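Each chain, letter by letter, is given below.
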Amino acid sequence: MFVRDKILKILKEADGYVSGERISGMLGISRAAVWKHIKALRADGYEILSVTNKGYRLCSEPENILSDRLSAALCTDHIGRNIVYMNKVDSTNEEAKRRADMPDGTLFIAEQQESGKGRLGRLWESPRGGGIWMSLLLRPDIPLGRVSEITLAAGLAVCRAVGCGAMIKWPNDIVIGSRKICGILTEMSAEPDTGTINYVVCGMGINVNIESFPDDLKAKATSLLIETGERHSRDEIAARVLNEFEPVYELLCAEGFGAIREEYARMCVTLGREVRVIYRKNETIGKAADIDENGTLLVDTENGRIPVSSGEVSVRGMYGYA
Ligand code: ADP
């Protein structure tokens, strides 16, 4: 048994506080060493109180995503069949890119991201134990130009898995009401000369048991806990997302976005709403009218119908766009 596990055992079995001196005596290590391990345990999510003249008391343990529980709930062929489970990582997308030689469908999942990523270098808040911070490593056999459709497939899968009235804000957010519960970030590596895809990394951040958000996010972010008043099992939801993702992804690769377009459009909160888009470097206002066979958003403006395939789209009434 490692020293840290021995310390944990002592704290768990104790009835109340245990002094540092007592622990150091029991394990034959210095009090400074005890303190060092306590600090490391705290960094790993154990809440340990320390009170002068009394000692340490374990208040709560981190809730972990158990990768074996997740695996047991999977009914996929290759998605998530290989799992890289991490306690803490900068970003699961970055880790997947660093380890892009792993098998197709490998899942990278972490308890906490220190610099979770949104689009355009934005940060994704990913507190320990608060959500599902995961990325899939994929090697799709599709033309380069269709990679962005994978974001749409992932959105549909998350929407199905989360329930609770979740809808898709085209292209990459899942919302409940007017607030975001999940963001999806797809990145890829391809050969510039041949256009061959080396790999695609599809990252998803799902807010599950986050109790409250920092002030600057309150108006635009929500979690399943906030919506339902209950905590949810992250491993079960993660497995549901992967179980939903595999068939949608396979259909998409085989037949194109057109095959999932109808369901996507039904789940898409953007359609029919007033939107503000950046089109050819200019801001334009219009009404989101449709999504075409390639997953492109079609917006009706004063100057006719324009296609929006990426970039910035604000939906009126969401995330503070009044
Ligand atoms: P958007 O497309 O909405 O601008 P991104 O996909 O770029 O968003 O995601 C990053 C943004 O999402 C951040 O700038 C922040 O406003 C918001 N955000 C960060 N963390 C979270 C979170 N855990 N839940 C919901 N929204 C978040």
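What counts as what
Residues numbered from 1 in each chain as written. Predicted model: local features only at pLDDT ≥ 70, side-chain atom pairs only at ≥ 80, totals over all residues. Heavy atoms only, no water. Helix = DSSP H or I, 4+ residues; strand = E, 2+ residues; numbered from the N terminus. Buried < 20%, exposed > 50% of the residue type's maximum accessible area, 1.4 Å probe, protein only. Lys, Arg positive; Asp, Glu negative; His and termini not counted. Charge placed at Lys NZ, Arg CZ, Asp CG, Glu CD. Salt bridge = Lys/Arg side-chain N within 4 Å of Asp/Glu carboxyl O. Contact = heavy atoms within 4.5 Å. Polar contact = N/O pair within 3.5 Å; in protein donor to acceptor, adjacent residues only side chain to side chain. Near = heavy atom within 4 Å. Areas by Shrake-Rupley, 256 points an atom, 1.4 Å probe, with all protein chains shown as cover. 1 Å grid on protein atoms, 1.4 Å probe; cavity = no way out; pocket = protein on both sides within 12 Å on 5 of 7 lines; lining within 4 Å. Sits in = over half its atoms within 2 Å of the grid points. Nonpolar A, V, L, I, M, F, W, Y, C, P; charged D, E, K, R; others polar. Core = buried A, V, L, I, M, F, W, Y, C linked by side-chain atoms within 4.5 Å. Pairing = 2+ DSSP bridges. Points joined across faces, edges and corners; volume = space filled by probe spheres on them.

J.: Sorry, what's going on with the overall build of the protein here?
T.: Of the regular secondary structure elements, the protein holds 10 helices and 16 strands. Seen through its principal axes, the protein has C-alpha atoms that stretch 80 × 45 × 35 Å. Scored against the burial criterion, the 322 residues of the protein give a buried share of 48%. Charged side chains of the protein number 41 positive and 45 negative; the gap between the two group centres comes to 6 Å.

J.: Looking at this structure, how should I read the pattern of salt bridges?
T.: Opposite charge on two side chains allows them to pair when their charged atoms are near. Counted under the stated rule, the structure contains 22 salt bridges. Its salt-bridge partner being Arg98, residue Glu95 comes within 2.7 Å of it at the nearest N-O pair. One end of the pair, Glu95, and the other, Arg98, are both in helix α5 (residues 92-98), 3 residues apart, so they sit about a helical turn from each other. A relative accessible area of 12% places Glu95 in the buried class.

J.: Would you take a moment to explain the environment of Ser135 for this structure?
T.: As for its position among the elements, Ser135 is in strand β7 (residues 131-138). A relative accessible area of 0% means that Ser135 is categorised as buried. Along the sequence, Ser135 and Leu49 sit 86 residues apart, while their C-alpha atoms lie 34 Å from each other. Once residues lying within four places of it in the same chain are set aside, the contact partners of Ser135 are Thr92, Asn93, Ala96, Thr106, Leu107, Phe108, Val201, Cys202 and Gly203. A distance of 2.7 Å separates the side chain of Ser135 from the side chain of Thr92, its partner in a polar contact.

J.: Would you take a moment to explain the site of the ligand for this structure?
T.: In the vicinity of the ligand lie 15 residues, with Arg119, Arg122, Glu125, Lys180 and Asn207 positioned nearest. For the ligand, an oxygen atom lies 2.9 Å from a polar atom in the side chain of Lys220. In the complex, the protein chains occlude 88% of the 570 Å² of accessible area that the ligand would expose alone. In this structure, the ligand is accommodated by the largest pocket. For the shell around the ligand, the class distribution of residues is 6 nonpolar, 3 polar and 6 charged.

J.: Teacher, can you tell me more about the nonpolar core here?
T.: Soluble globular proteins tend to pack their nonpolar side chains together in the buried interior. Counting 66 residues, the largest nonpolar core has Leu70 and Phe245 as its most contacted members. Excluding residues within four positions of it along the chain, Leu70 makes contact with Ile65, Ile83, Leu107, Ile109, Asp235, Ala238, Ala239 and Leu242. Ile7, Leu8, Tyr46 and Ile48 belong to the second-largest nonpolar core, a separate cluster that totals 13 residues.

J.: Where do I start with the pairing of strand β11 (residues 197-207) in this structure?
T.: For a regular strand, the rule is simple: side chains alternate between the two faces of the sheet. Of all 11 residues making up β11, 10 are buried, and the element is well covered by its neighbours. In this sheet, β11 lies alongside β7 in antiparallel orientation, the contact comprising 8 bridges. Looking across to β11, one finds that Leu136 is bridged to Cys202. In this structure, strand β10 (residues 179-190) lies alongside β11, joined through 9 bridges in antiparallel fashion. For Cys182, the partnering residue across the bridge sits in β11 and is Ile206. Counting the residues that bridge the hairpin from β10 to β11 gives 6 residues, and of these Gly195 lies at a positive phi of roughly 75°.

J.: Would you take a moment to explain unusual backbone geometry for this structure?
T.: What is expected of a backbone is that most residues other than glycine have negative phi and most peptide bonds are trans. Along the chain, Trp170 connects to Pro171 via a cis peptide bond; the corresponding omega equals -5°. Within the secondary structure layout, Pro171 lies in the loop between β8 (167-169) and β9 (173-176). A positive phi angle is found at Asn53, which is not glycine, with a value near 70°. Checked against the element boundaries, Asn53 lands in the loop between β1 (47-51) and β2 (55-60). With a relative accessible area of 81%, Asn53 lands in the exposed category.

J.: Is there a simple way to explain the layout of surface pockets in this structure?
T.: To find leftover empty space, a probe the size of one water molecule is rolled over the atoms. In this structure, the largest pocket occupies an estimated 780 Å³ of space. Around the largest pocket, the lining comprises 36 residues; the ones closest to its centre are Arg122, Trp124, Asp173, Lys180 and Lys220. Elements with a contribution of two residues or more to the lining of the largest pocket: α5, β6 (123-124), β7, β10, β11, α7 (215-218) and β16 (313-315). Residues of the lining of the largest pocket, tallied by class, amount to 14 nonpolar, 12 polar and 10 charged. Quantified by volume, the second largest pocket comes out at close to 460 Å³. Taken together, 23 residues form the lining of the second largest pocket, with Ser148, Thr151, Pro171, Ser309 and Ser310 sitting closest to its centre. Those elements giving two or more residues to the lining of the second largest pocket turn out to be α6 (148-162) and β10. For the lining of the second largest pocket, the per-class residue count stands at 8 nonpolar, 11 polar and 4 charged.

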